[in-house]
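Residue-level listing of the chains:
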Amino acid sequence: MARVVMHRDQIRTFMSSQAVFDMLEGHANRIRARAAGSAPVGRTGAYRRSFFTHAGVDRRGYAVAYVGSTDPAAAHIEWGTQNSLTGSTPAHHTMAAAFWASALP
């Protein structure tokens, strides 16, 4: 069995490297594409068009990537609703499914 010991400076260098940034950005773009491809269209298709990615650096200087939606109904579509004025709607799990599908080899 191999033993790997990394020091904080090595981790910081690795996590702020261009290679990690590129890998995270590519992964976020794949998740966004899968989410947009499997999103319910609804009446307007706004949810399907609302996905975005953002890659950058966090406060520690580490590379990060985000996938999100600008649609105000995104949480309702992702997790569903109960007891709303228009009735209950089932959860679609668009982003969760896109994440897990992209995480598998």
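Whatever comes next refers back to the structure up there.
Notes on the structure follow. (Residues numbered from 1 in each chain as written. Predicted model: local features only at pLDDT ≥ 70, side-chain atom pairs only at ≥ 80, totals over all residues. Heavy atoms only, no water.)

**Re the side chain of T81**
Here comes step 1: By secondary structure assignment, the location of T81 is in the loop between α4 (74-79) and α5 (94-103).
Here comes step 2: A polar contact is formed between the side chain of T81 and the side chain of T89, at a distance of 2.8 Å.
Here comes step 3: Excluding residues within four positions of it along the chain, T81 makes contact with H76, G87, S88 and T89. (Helix = DSSP H or I, 4+ residues; strand = E, 2+ residues; numbered from the N terminus. Polar contact = N/O pair within 3.5 Å; in protein donor to acceptor, adjacent residues only side chain to side chain. Contact = heavy atoms within 4.5 Å.)

**Re the packing of aromatic side chains**
Here comes step 1: In this structure the tally under the stated criterion is two aromatic pairs.
Here comes step 2: The interplanar angle of 80 degrees and the centroid separation of 5.0 Å between the aromatic rings of F99 and W100 together place this pair among those described as edge-to-face. (Phe/Tyr/Trp six-rings, centres within 6.5 Å; stacked < 30°, edge-to-face > 60°.)

**A word on helix α2 (residues 18-38)**
Here comes step 1: The end-to-end C-alpha separation of α2 is 30 Å, in line with the 30 Å expected for 21 residues at 1.5 Å each.
Here comes step 2: Along α2, the residues classified as buried are V20, H27, A28, I31, A35 and A36.
Here comes step 3: In this structure, the buried residues of α2 make contact with α1 (8-15), α3 (46-49), β1 (51-57), β2 (63-69) and α5. (Expected span 1.5 Å × (residues − 1). Buried < 20%, exposed > 50% of the residue type's maximum accessible area, 1.4 Å probe, protein only.)

**Comments concerning a nonpolar patch on the surface**
Here comes step 1: Together, V4, M6, I11 and F14 make up an exposed nonpolar region whose accessible area comes to about 400 Å².
Here comes step 2: Checked against the element boundaries, M6 lands in the segment before α1. (Patch = residues over 30% accessible without salt bridge, like charges linked within 9 Å, V, L, I, M, F, W, Y side chains within 5 Å. Areas by Shrake-Rupley, 256 points an atom, 1.4 Å probe, with all protein chains shown as cover. Salt bridge = Lys/Arg side-chain N within 4 Å of Asp/Glu carboxyl O.)

Treat this as a map of the structure, not an account of what it does.
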